[in-house]
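Here's the letter readout for the chains.
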Amino acid sequence: MDEPTSGLDQYHMAQVGELLRQLKNQNAAVLVITHDEELAAGWCDRIVCLEE
């Protein structure tokens, strides 16, 4: 997912988070690309930070 919460309000951001949790419970691997470090910290098991 590339910036899955871009332009979303808080309610819809929470829905995206719930979808990610559901996918995790189904043992799915999901790659999320985001500039939102808080989002990543709250929803992701692993964080890889890419720098120049």
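Scoring rules and cut-offs
- Residues numbered from 1 in each chain as written.
- Predicted model: local features only at pLDDT ≥ 70, side-chain atom pairs only at ≥ 80, totals over all residues.
- Heavy atoms only, no water.
- Helix = DSSP H or I, 4+ residues; strand = E, 2+ residues; numbered from the N terminus.
- Buried < 20%, exposed > 50% of the residue type's maximum accessible area, 1.4 Å probe, protein only.
- Contact = heavy atoms within 4.5 Å.
- Areas by Shrake-Rupley, 256 points an atom, 1.4 Å probe, with all protein chains shown as cover.
- 1 Å grid on protein atoms, 1.4 Å probe; cavity = no way out; pocket = protein on both sides within 12 Å on 5 of 7 lines; lining within 4 Å.
- Points joined across faces, edges and corners; volume = space filled by probe spheres on them.
- Nonpolar A, V, L, I, M, F, W, Y, C, P; charged D, E, K, R; others polar.

Looking only at helices and strands, the protein chain has two helices and zero strands in total. With respect to the three principal axes, the spread of C-alpha positions in the protein chain is 35 × 25 × 15 Å. Looking at the protein chain as a whole, 15% of its 52 residues qualify as buried. At a minimum sequence separation of 6, the contacts of the protein chain that also span at least 24 residues come to 45%. Accessible area for the protein chain stands at about 4600 Å²; split by element, carbon and sulfur atoms hold 50% of it.

Glancing now at the layout of surface pockets. Estimates place the volume of the largest pocket at around 900 Å³. Val32, Cys44, Arg46, Ile47 and Val48 are, among the 23 residues lining the largest pocket, the residues nearest its centre. Elements represented by at least two residues in the lining of the largest pocket include exactly helix 1 (10-25) and helix 2 (37-43). Among the residues forming the lining of the largest pocket, the class breakdown is 14 nonpolar, three polar and six charged.

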